[in-house]
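# Fold and contact review
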Amino acid sequence: MKLANNQSFAGKRDIRKILHTMRHGFLCLLLLGVAFLQAQDYAVRHYTTADGLPSGKIVDLFHDSRGFLWISTNSGLIRFDGKNMVHYGVQEGLPFSFTDDMDEDTLGRLYINYTTGVSRFDGVHFTNFETQSIDPDAFSRDMVVLPDNRVLVATRRGVYLLENDSLRLLEYTRENTFYCGLRTRGKRVFLGGSGGVYEWKNDSLVLFVKEKPGSRILALEEAPDGHLWYGLLHTEIKRISLKKKGAVPETIEIPEMEEGFVSAFIASDDRLIYVGGHHEFLIYENGKLLKREKLNLGIPSDNINALLCDREGNLWVGSLYGLWKYSPSITYLYPQDQITGISVTSLRVAGRDSLLFSDGFYQYAAGKERVWRIFDDKPKQISELNDICYGPDGYAYFGSSLGGLMYRDPDGNYRDVKIGSSPFYRCFHMWQHRYDTYMGSHGKYFRLQAGEVEEELSFPAILDENVLTLYIDDDLHIVGTNVSLYSRSSDGQITDYSYLFGNKAVVIDDIRRDGEILYVATKGYGLLVAHLTDNGLLEADTFLTRKSGLPSDFVTSVCPDKNGQIWICTLSGICRMNRISDTDYYIRTYNRNQGFPDAFWEDCRLRLDTQSGHLFIGFSQGVLRIDPGLQLNQAFRPRIHLEAIFLNKGNKEGQKPEDPILVYPQETEYSFPFRENNLIIKLTAVQLSDAKNLEFWYRLHGKDNDWRTAPADGMLNLNNLNPGNYRLVVAAFDRSRKVFSEEKVFLFRIERPFWMSGWFYFLHICLFLGLVYLYFRWRIRHAFEKRESALKLNRQLAESRYLAFQARMNPHFIFNSLNAIQYFITNGDKKLSLTYLSKFARLLRQVLDNTKAVKVTLREEIDILNSYLEMESMRFDGHFQYDFEIEPQLDLEQTEIPGMLIQPFVENAIVHGLLHLESGQGKLRIAINADNRFVYCTVEDNGVGRVQAAEINAGRKPNHKSYGMDIARNRLKLLVEGMEEEDFIRIEDPESGTGTRVHLKIPIL
């Protein structure tokens, strides 16, 4: 920028005036005699082939709806996300390496014009459309996509229209030359050509602004205030209102430019219009020139080829030798060509935007944008300067590493300050408090006035330490050394704060106070935040370190600004800290995207201009000014996109790993086979400002709902996914600004294999149930067979025991029958003997036949009983009468019971009951009925009864023991297991009279 005044302060007479001003407290006037043009500061970044550009020649720039910057070069097309450059050339499907203008339709497809046609890019493939013109001059210059996604292509021989995938010439435009196109925010379409500006209306071009014959409209741009700007060849720019009907063009004032002017490059943002020249660009607001900015192109022959304003507030400049990004900056780096040593070791604010600093050897003054040397007559000291200080009493102090302290009095005389007897006395730091100057040295610090030592201050703890920094006010001295931190109260009380650092040695590099809060910069322990208590002691609040967000634990300087923010300089860069609460802090680190150069910050010092609010930093590359109050565009959010999906890392047969299966965005849910359940999803985060601070975050609903960080390269691996539906949510996070992008959602599902399908599960269940059924059937059958085998064996055993019992009973009956025959023979009754013997033979035949079987029919059993009773009636000579009562419905032929089971009870009734009665009085009744399971038999007699029979039998001497009743009982137990005896044999006395009644419950076999 040109200076309004080139006043110099080199003369001795001027220095005396300066010092006189300093003495009277008007140091702020030191630099105000020089006027400067106020200018916006920019952070400049240059991109070349080393950053991924295929060529240094930039032809055009385009910012698409997804946030990507597209760069057209003479060697192909570049897509830039702020961090990575992706190259598209002939190998990727472009028909021609040299591309020109670009535009985008509502579907997100990119159109690129080239020499003989237009190419459309859908994110994966290029589709090319040729003009099919035989005229070699009908090559494409510019194009614009219509709101209905048709495309107008401006050429030297008319306008072509791309519709229905066909490129055709609009015949009525054949005689005109067209150069540029524009689609406004209101979706109006204009073309600039020979003779004026044309508007597309009703599928036709209508002249909107007529210019003189031979004029050429090279550039069109819509301003934020609703004006259409257009540039004519070489030296003229005009604008016309789009809102006012019947508006006439207005010529825009252009300042004289040393390098000439090219009107073909115009760009706008939300507030300003930018017009490009050869080596500078003009900035307009509402049609008025706001400023002119000199471009730092670096090469004298470099020129502007394209201008673009992105949505983040950056201005992009395409040139012959690379791409330049001009970002609004909060910093200004003072010119370095006037500083001999460049590295600044000491810095003091002299007044509003006025500085005094040293590069270690010389002293300099700085105004708004200019730097010049002062105090050229100062004698050299034996080592570089550590600090300089200008007191209000007119004395200037120069502290060096080895040469101690030198001062300059108001009369311009230089003197060394004699401190102690050592030839070397180091000065590390100086502090100005009212009219006193304090200097930190080895083992002590001093209070100076008018160049003389007024007071020597020390205490035993610091005698072997270097006093590196001081903070002094009326009541408190805080001393930082290369070992610890100390305080000294007005009453002389010394406090050692080494316990705050674990009683370890720590280097204290800077101390600053903001109200009751004290900030202590340390080397290795970060930033100590403490507060002063009522008794003047320090109490630590917290230590801010790398874990808190600082770029380094080595803090070299700290300074609060007028906005309540704390600026911190570390070995790894500059950051800003805002205190949110007593325990929460927000820390943002700055880099070259905000105008902070890549530099070394070892000896940096931060100083605040309390009048303007600016901060100044002296560092290894000179002096940097910071405007903390400047509000840059921080509202933009990063964007994130799912670029491509790879299945199984390219292990699919015939597929290369780099071939994408799918390119996002899509609007449907995708389905992938089960065998391809390893997905690699390529994420791309777009932020053209400071993209290196972006992180990828994701969470996968259906597997794990927690947010997780993705790899820095954006290649997200989702391995061994189970079948099911998934919802992948991704986001980008800017660590510096603590801002998240909008979330993007991708829905997909992993198909179930046939062995996990419903029908396969059903088949498995059926098979399982079938196997279970067959197993249980086998078990049941096996158990049944086992039980049947056991029952058969038991039955066989029971039958054998039954037959054994039956064998014991039959001889007993035979013995009794033979006794009866012997009785008849003995009595000489030959006829009865023969009759009885005949009946006995018949009964014996029946018994022998029944003995062979386990069961007999009820008919057979009754026949045996009848034969037996006939024999007993003959034997006892009609002593008793008997009768059978059989249920008429009872089937005697089909009902089977154990044989000879009733006979013992009938015999017992005769022998023990009826024989004790007088002849002819005995009666015996046998009643038989049945149900489906049992035969019920009642044997009832009217004998003497059980009590009298027992008495009679007791008086007799038995000649044998009767087994018939016991055998019958045992036979029933064998036949009916699990039943008690009273269940099948019940003996009772009648309700009236004498006798005995026996109830038998015989199982039907």
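Structure: see above.
Summarised in this report is the structure supplied together with it. Please read all numbers here as calculations on a predicted model, not as lab measurements.

Rules behind the numbers
Residues numbered from 1 in each chain as written. Predicted model: local features only at pLDDT ≥ 70, side-chain atom pairs only at ≥ 80, totals over all residues. Heavy atoms only, no water. Pairing = 2+ DSSP bridges. Helix = DSSP H or I, 4+ residues; strand = E, 2+ residues; numbered from the N terminus. Axes fitted to C-alpha atoms, helices over the stretch in contact; angles between N-to-C directions. Core = buried A, V, L, I, M, F, W, Y, C linked by side-chain atoms within 4.5 Å. Buried < 20%, exposed > 50% of the residue type's maximum accessible area, 1.4 Å probe, protein only. Contact = heavy atoms within 4.5 Å.

### Overview of the sheet that holds strand β16 (residues 196-201)
Strand pairing in a sheet relies on backbone hydrogen bonds. The paired strands run either parallel or antiparallel. Spatially, four strands are ordered β14-β15-β16-β17 in an open sheet, and the strand pairing comes out antiparallel. Lying at the two open borders of the sheet, with one neighbouring strand each, are β14 (178-183) and β17 (204-210). Across the sheet, the axes of successive neighbouring strands diverge by a mean angle of 30 degrees, strand direction being ignored. Here strand β15 (residues 189-193) pairs with β16 via four bridges, running antiparallel. Its bridge partner lying in β16, G193 is registered against G196.

### As for the nonpolar core
One finds V906 and I910 to be the most contacted residues of the largest nonpolar core, which totals 45 residues. Every element with two or more residues in this core is listed here: α2 (758-826), α3 (830-851), α4 (858-875), α5 (903-914), β70 (922-930), β71 (934-941), α7 (964-975) and β73 (996-1003). When residues in this core are grouped by element, the largest group, eight residues, is from α4. The contacts of V906, once residues within four sequence positions are left out, are L865, Y868, L869, L924, I926 and V939.

### Looking at unusual backbone geometry
Positive phi values are uncommon outside glycine, yet N149 reaches one of about 75 degrees. Within the element layout of this structure, N149 appears in the loop between β10 (140-145) and β11 (151-155). At N164, a residue that is not glycine, the phi angle is positive and equals roughly 55 degrees. Considering the arrangement of structural elements, one finds N164 in the loop between β12 (158-163) and β13 (166-169). The exposure class assigned to N164 is exposed, which follows from its relative accessible area of 75%.

### Notes on the pairing of strand β51 (residues 566-570)
Counting buried residues along β51, five of its five residues qualify, which places the element largely inside the surrounding structure. Along β51, one buried face is formed by I566, I568 and T570 and the opposite face, lined by W567 and C569, is buried too. Where strand β50 (residues 555-560) meets β51, five bridges bridge the pair, whose relative direction is antiparallel. Within β51, the residue paired with V555 across the bridge is T570. Hairpin connection from β50 to β51: five residues lie between these consecutive antiparallel strands, with G564 at a positive phi of about 80 degrees. Both β51 and strand β52 (residues 573-579) contribute to a ladder of five bridges, which runs antiparallel. Its bridge partner being in β52, I566 is matched across the sheet by M577. The antiparallel pairing of β51 with β52 creates a hairpin that spans two residues between the two strands.

### What about the pairing of strand β32 (residues 363-366)?
The two faces of β32 match: Q363 and A365 on one face and Y364 and A366 on the other face are all buried. Pairing geometry for strand β31 (residues 354-358) and β32, over four bridges, is antiparallel. Residue pairing for β32: L355 is matched across the bridge by A366. Remark: four residues form the turn of the hairpin made by β31 and β32, two consecutive strands paired antiparallel; G360 in that turn has positive phi of roughly 105 degrees. Inspection of the sheet shows β32 paired to strand β33 (residues 371-374) by four bridges, in the antiparallel sense.

Structural measurements only, silent on function.
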